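Geometric and topological summary
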Amino acid sequence: MKQNPFAVIGLRSLILAMSLIILATALIVSCYAAYRVQRQALLDSAYDFNRLYAQKIASTLDGLLYDTQKRLQYSSERMISLAGDRHKIDDELQRLMNQDDTFNGVLLIDSNGKITSKQPSDLHYSDSFLASVVDLQKLRANKVYYSDVLQSNSGDYFVFISTRMMDSAGIISGFLLGIIYINKSKALHTLTEDNFNRDGTVTYIVDRKQVIIQHPVQRIQGDVALNNKMPEVVLGGLAGDCFIEISTDESLLTGFAPVKNSGWAVISQRSEAKVLSSLQSLIKQLVVCIIPSSVVIVAGVFFLTHLISKPLRQIAAVASGIDKYYSLDKIRKIHAWYYEVDSIKKNMFNGAGLLQEKMKDLSLQAQTDPLTGLANRRTMAAAIEKLASAG
């Protein structure tokens with residue numbers, strides 16, 4: 001009969017190999033599932049942190065701008081009552097400038113956009129420059145107006161907050177503008193620098209055109225944020241989060257919130273790579289925790305494999321000498337502790353008994369005469385030969 005090349009593989013080896021394959025597969029799947037869950041948890045946590053932090057900064061900035069707006073409105077109302085008194089108007093502008101360090105300059109302009117007074121007095125803003133950067137229609141249409149980022153003749157970036165001045169007849173008599181140089185504003189800088197480089201998170205402020213108003217890295221203030229890759233939803237007036245892909249190698253997890261009084265937005269970002277940098281160590285810790293239990297499981301698999309295959313190996317060993325007189329005794333000693341082995345043992349024991357009885361009958365028939373029942377010539381010859389050799 002043709003030899004099966006796989007017949008040399010024992011049951012114990014098969015059970016052990018299959019168990020180890022299943023165990024290894026389960027461990028790999030578990031580690032991958034843990035990786036996916038941990039990865040998503042880290043990303044969700046980063047999104048939540050960025051969104052909540054952006055909301056916190058936006059709320060703080062809203063309050064700051066509101067207070068600034070109220071001071072401008074108060075001064076504008078006083079100036080209306082001081083109309084015609086140039087000296088007192090200059091004193092009020094000086095008082096507004098010196099009240100705190102919010103403004104780097106203040107301008108009083110008439111309804112046609114002409115500068116009538118300014119502080120400090122050496123502020124280099126001309127009527128022609130103001131006409132090129134200020135849209136009077138927007139100033140007239142809004143009780144309080146917050147500008148986008150503008151650039152002065154000296155190259156400095158600035159924003160302004162304006163409030164319109166109306167006389168008792170409801171006619172607009174002029175506008176009061178507070179100038180804030182974005183690279184010199186301590187209030188704005190404090191809001192964004194506190195969280196800079198904390199776990200790689202960067203927080204900054206943009207205007208309605210996505211131009212950076214305030215950023216911890218001052219050299220990029222006045223630039224368009226992310227080269228216009230910022231989704232429109234960021235400036236949609238609602239808080240939220242989004243994923244921004246800068247390049248194939250860099251992606252940003254972004255949280256954002258509107259600064260409602262101004263139309264600006266606060267952006268809080270962290271790179272995906274930095275967020276996931278701790279994932280590798282988490283997976284290593286998981287694997288280290290799994291190793292001891294895996295060793296115990298493998299040892300258990302070895303033991304159970306030996307226990308299951310032992311009676312079958314004993315049966316296979318007896319089967320090769322089932323015609324021997326001692327085979328029944330060996331079969332009887334096999335510990336058949338589960339159903340299949342017990343069934344094989346019983347059938348093998350019965351078959352071996354029948355085989356040995358049949359062999360005894362055939363041996364007896366070969367040694368006796370069928371008619372007389374006496375030893376035949378072959379038996380007699382064997383007996384004479386045995387006697388002769390003995391004596």
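Residues numbered from 1 in each chain as written. Predicted model: local features only at pLDDT ≥ 70, side-chain atom pairs only at ≥ 80, totals over all residues. Heavy atoms only, no water.

This next bit is on the confidence of the model for the chain. Chain-level pLDDT for the chain is 83 on average; 95% of the residues reach the 70-or-more range. Taking the mean pLDDT of every element in the chain, the minimum, 72, falls on helix α5 (residues 186-193) and the maximum, 92, on strand β3 (residues 144-146). (pLDDT = per-residue confidence, 0-100. Helix = DSSP H or I, 4+ residues; strand = E, 2+ residues; numbered from the N terminus.)

This brings us to unusual backbone geometry. Along the chain, Gln119 connects to Pro120 via a cis peptide bond; the corresponding omega equals -5 degrees. The topology assignment puts Pro120 in the loop between β2 (115-119) and α3 (127-133). Even without a glycine there, the phi angle at Gln210 is positive, about 65 degrees. Relative to the elements of secondary structure, Gln210 occurs in the loop between β7 (202-206) and β8 (212-214). The class for Gln210 is buried, based on a relative accessible area of 9%. (Buried < 20%, exposed > 50% of the residue type's maximum accessible area, 1.4 Å probe, protein only.)

In the sheet, strand β1 (residues 105-110) pairs with β2 via 4 bridges, with the strands oriented antiparallel. Within the sheet, the bridge partner assigned to Ile109 lies in β2 and is Ile115. Counting the residues that bridge the hairpin from β1 to β2 gives 4 residues, and of these Gly113 lies at a positive phi of roughly 85 degrees. (Pairing = 2+ DSSP bridges.)

Strands pair in a sheet through their backbones, by hydrogen bonds, and they do so in one of two ways: parallel or antiparallel. Taken in spatial order, the 5 strands of this open sheet run β8-β7-β11-β10-β9, and their pairing is antiparallel. The sheet is open, and its two edges are formed by β8 and β9 (240-245), each paired on a single side. Between one strand axis and the next, the sheet turns by 35 degrees as a mean value, whatever way the strands run. As paired strands, strand β10 (residues 251-259) and strand β11 (residues 264-271) are joined by 8 bridges and run antiparallel to one another. Its bridge partner lying in β11, Phe256 is registered against Ile267. Sheet strands in contact with helix α1 (residues 11-81) are β7, β9, β10 and β11, and its direction is about 30 degrees off that of β10. (Axes fitted to C-alpha atoms, helices over the stretch in contact; angles between N-to-C directions. Contact = heavy atoms within 4.5 Å.)

This part is about the packing of aromatic side chains. Under the definition given, this model contains 9 aromatic pairs. With 4.8 Å between their ring centres and 75 degrees between their planes, Trp337 and Tyr338 make a pair best called edge-to-face. The exposure class assigned to Tyr338 is buried, which follows from its relative accessible area of 18%. Pairwise contacts between aromatic rings join Tyr125, Phe129, Phe158 and Tyr181 into one cluster. (Phe/Tyr/Trp six-rings, centres within 6.5 Å; stacked < 30°, edge-to-face > 60°.)

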